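# Working through the structure, step by step
Now for the letters of each chain:
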Amino acid sequence: MIKILYGVKSEKIDPAQLQLLLEGLDPKKPKAPSDEETSAPEEGAAEPAKKTKAKNHSRLKGWDQLEVIEETLFPEGYEENKEQLELIGQEVTEQLDYIQARLIKRRFIRPKFRRKDDRTQSPLVAAAPASPFPGGVPTFGLTAQLIISKYGDHLPLYRQQNIFQRLGLHAPRDTLNHWTLGSLELLRPIAEAIHLECLAKTYLQVDESPIKELAPGTGKTRTGYVWVFNDPCPQGSVSYRWQKGRSCEDFEQALGEGAKDWEGIFQCDGYSVYPSYQRDRAGVIDLGSCMAHIRRGFSKALDAGERDAARIIYLISYLYHIEDWVRMSNQNKKAGPALRDAIRASHCAPRLKLIEKYLRRIQSRHLPQSLMGKAITYALNQWSGLEAYLNDGRVELDNNLCENTIRPLKIGAKNYLFFGSRRGGELACVAYTLIETCKRHGLDLHDYLTSAMKALVEQGPAHAPELTPASIAKARRLKKVS
């Protein structure tokens, strides 16, 4: 309990510490893996490149790209004696300053004209500037900032209200909420297009996370779930979908109509909904297991003093060592599926067989309800899902990339506590989908949301597929090439 409250949450374990535990094993128990078992690949493969920490001359990244405001400081007495002074050089001092954000009122004056020779014609006047709310006060830039502040920087609306108050404007919280949700409603078609982009791939990582939702009329909260569909390729997208539960029906609704004919691999944890969904689509959908979830049970057993757990974790660490080595190969670029297939077949498949054999051998030593017993049972139940990892080079060893996409969601929930309604949960998922996908494609959040909302107002929701972050980033890459 003390470790749960105050201890380190990371599951990483120092290999040297594991070695000490293994060296202390009873002689009757299996010996620690030999150096040959745990060494890097040698069959036709280069030695792993040593990780070298790049020299960091400055801890301030982006310093040279900041806007520069120059000010010339003349010495005391310069004005009185400047005729007798000769410039021989200059000293330059650079400092980092902060200019407080401002709220401004844009006033658009649109002169109205009529023809002198024909006064029966309608007057000529420029069209009113586009707005997320026709005839409303906020601009696209303001509502984009509201979205980023709440869902990107995790600032609840009451904190943003206080910030506006310091800037000289009192804006009721319900007004800010109306502007935020209305803008997200406008952006919903793009989030749907991103979801279809994810479903266009044949390998996705899936996970679900609970978030509280306010139950109307009760003054209490109930638990809803955000389902995450992650395309783990370097320039993939991620889609968040809000549902009231985590049943198989909720999973199907989260997938949406576009998933009826979907074929491929879902990589997930051991939650029962996924195999239940897969059984009805055998031969069409495969499930990939997550080694991080398998290892997690043994980490808990190791904390309780189980030495067998140390050996299992030590054996699993070899698989992660191989994955790191593969990523570092090919001039530090992420290796393609073909290379990963070859290395996994020659080095990882034998290690997985060794781990499975050892698990089955020691299973009878541990009570089924003990930490070690539960960890072994979970691992063996998930073992068949590791075939996807061995047979398809695209599949990752674990589902951690998907779990990382849940992290911003949980940080936000710690601040705003719960969604105010079902619509609020759905629109929050729109915000997270856009923000996290933008980050993956290296787009400026404020510029993207501002231009996307403006384009939707001017061109209509039918153009949403052309406005996804993936489409925008692809268009920019093509423009650079041309």
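Notes on the structure follow. For clarity, every value in this text was computed on a predicted model and none was experimentally measured.

Our focus in this paragraph is the pairing of strand β4 (residues 220–230). Bridge analysis of strand β3 (residues 203–215) against β4 gives 11 bridges, and the strand direction is antiparallel. Bridged to P210 within β4 is Y225. As paired elements, β4 and strand β5 (residues 238–243) share six bridges and run antiparallel to each other. What sits directly across from F229, in β5, is S239.

With that settled, the discussion passes to the pairing of strand β7 (residues 285–288). As paired strands, strand β6 (residues 264–267) and β7 are joined by four bridges and run parallel to one another. For I265, the partnering residue across the bridge sits in β7 and is D286. Since β6 and β7 lie parallel, the crossover through helix α9 (residues 273–279) that links them has a hand, and here it is right-handed.

With that out of the way, let us pick up the nonpolar core. Counting residues in each nonpolar core, the largest one holds 42 residues, and the members touching the most others are L187, I190 and V226. Ranked by residues supplied to this core, first place goes to helix α16 (residues 422–440) with nine residues. Every residue in contact with V226, bar those within four places of it in the chain, is listed here: D207, E208, S209, I211, Y240, R241, W242, L409, F419 and C429. Y203, I265, C290 and I355 belong to the second largest nonpolar core, which has 41 residues in total.

Looking now at helix α7 (residues 173–199). With 27 residues, α7 extends 37 Å between its outermost C-alpha atoms, agreeing within 8% with the 39 Å of an ideal straight helix rising 1.5 Å per residue. Maximum bend of α7: about 45 degrees, positioned at L187, with proline P189 one to four residues after it.

Below, the discussion takes up the side chain of E208. Among the secondary structure elements, E208 is positioned in strand β3. A relative accessible area of 9% places E208 in the buried class. A distance of 2.5 Å separates polar atoms of two side chains, one belonging to E208 and the other to Y274.

When two helices pack together, you describe them by how their axes are tilted relative to each other and by the distance separating the axes. Contact geometry of helix α12 (residues 337–362) with helix α13 (residues 371–382) gives a least axis separation of 10 Å together with a crossing angle of 135 degrees. In this view, α12 runs oblique relative to α13, as classed from their interaxial angle. In the packing of α12 onto α13, the handedness of the crossing is left-handed. Contact residues: E356, L359, R360 and I362 in α12; M372, I376, A379 and L380 in α13. Its residues assigned to classes, the contact of α12 with α13 comprises six nonpolar, no polar and two charged.

This paragraph deals with helix α15 (residues 400–416). Taking 1.5 Å of rise per residue, the 17 residues of α15 would be expected to cover 24 Å, and the 25 Å separating its terminal C-alpha atoms lies within 8% of that figure. For α15, the complete set of buried residues consists of C402, T405, I406, P408, L409, G412, A413 and Y416. L417 occupies a position one or two residues after α15 and carries a positive phi of about 70 degrees.

Attention now moves to the sheet that holds β7. Read from one edge to the other, the open sheet built from five strands follows the order β5-β4-β3-β6-β7, with strand pairing classed as mixed. Where the open sheet ends on each side, the last strands, each with one partner, are β5 and β7. Here the average twist between neighbouring strands, direction ignored, is 30 degrees. Against the sheet, helix α8 (residues 248–255) touches β3, β4, β5 and β6, its axis set at about 55 degrees to β4.

Before going further, it helps to examine the pattern of salt bridges. Note that side chains of opposite charge can pair when their charged atoms are close. Enumeration over the complete set of coordinates arrives at 19 salt bridges. A salt bridge links E79 to K82; the nearest nitrogen and oxygen atoms lie 3.6 Å apart. In this structure E79 comes out as exposed when scored by relative accessible area, which is 52%. On the basis of relative accessible area, K82 is assigned to the partly exposed category, the value being 38%. One continuous salt-bridge network, built from bridges that share partners, spans E185, R188, R422, R423 and E426.

About the thresholds
- Residue indices follow the written sequence of each chain, beginning from 1 at its first position.
- Only residues with pLDDT of 70 or above have their local features reported here, since the model is predicted, and side-chain atom pairs are shown and tallied only from 80 upward, although totals for entire chains, interfaces and linings are computed over all residues.
- Water and hydrogen atoms play no part in the side-chain values, which are based on all heavy atoms of the structure.
- Note: two strands are recorded as paired if DSSP finds a minimum of 2 bridges between them.
- Numbered from the N terminus, helices here are DSSP runs of H or I no shorter than four residues, and strands are runs of E no shorter than two.
- Place the viewer so that the strands point away; then a crossover is right-handed whenever the path from the first strand over the helix to the second strand goes clockwise.
- Residues enter a nonpolar core if they are buried and are Ala, Val, Leu, Ile, Met, Phe, Trp, Tyr or Cys, with the set joined through side-chain atoms within 4.5 Å.
- Any residue under 20% of the maximum accessible area for its type is buried, any over 50% is exposed, and the rest in between are partly exposed; the area is computed with a 1.4 Å probe on protein chains only.
- What makes two residues a contact is simply this: any of their non-hydrogen atoms within 4.5 Å.
- To estimate the expected span of a helix, subtract one from its residue number and multiply by 1.5 Å.
- Axes are fitted to the seven residues ending at a residue and to the seven starting at it; the angle between these axes is taken as the bend at that residue.
- Pairing of N or O atoms within 3.5 Å defines a polar contact, subject to two protein rules: one partner must be a possible hydrogen donor and the other a possible acceptor, and residues neighboring in sequence count only if both atoms are side-chain atoms.
- Between the N-to-C directions of two axes lies an angle of 0 to 180 degrees, each axis being a line fitted to C-alpha atoms and, for a helix, fitted only over the stretch in contact.
- Each angle gets one of four labels, with under 35 degrees taken as roughly parallel, over 145 as roughly antiparallel, 65 to 115 as roughly perpendicular, and the rest as oblique.
- Handedness of a crossing is defined here by the sense of rotation of the near helix relative to the far one, left-handed for an anticlockwise turn of less than a right angle and right-handed for a clockwise turn.
- When residues are sorted by character, Ala, Val, Leu, Ile, Met, Phe, Trp, Tyr, Cys and Pro go into the nonpolar class, Asp, Glu, Lys and Arg into the charged class, and all the rest, Gly among them, into the polar class.
- Only one rule defines a salt bridge in this text: a Lys or Arg side-chain nitrogen within 4 Å of an Asp or Glu carboxyl oxygen.

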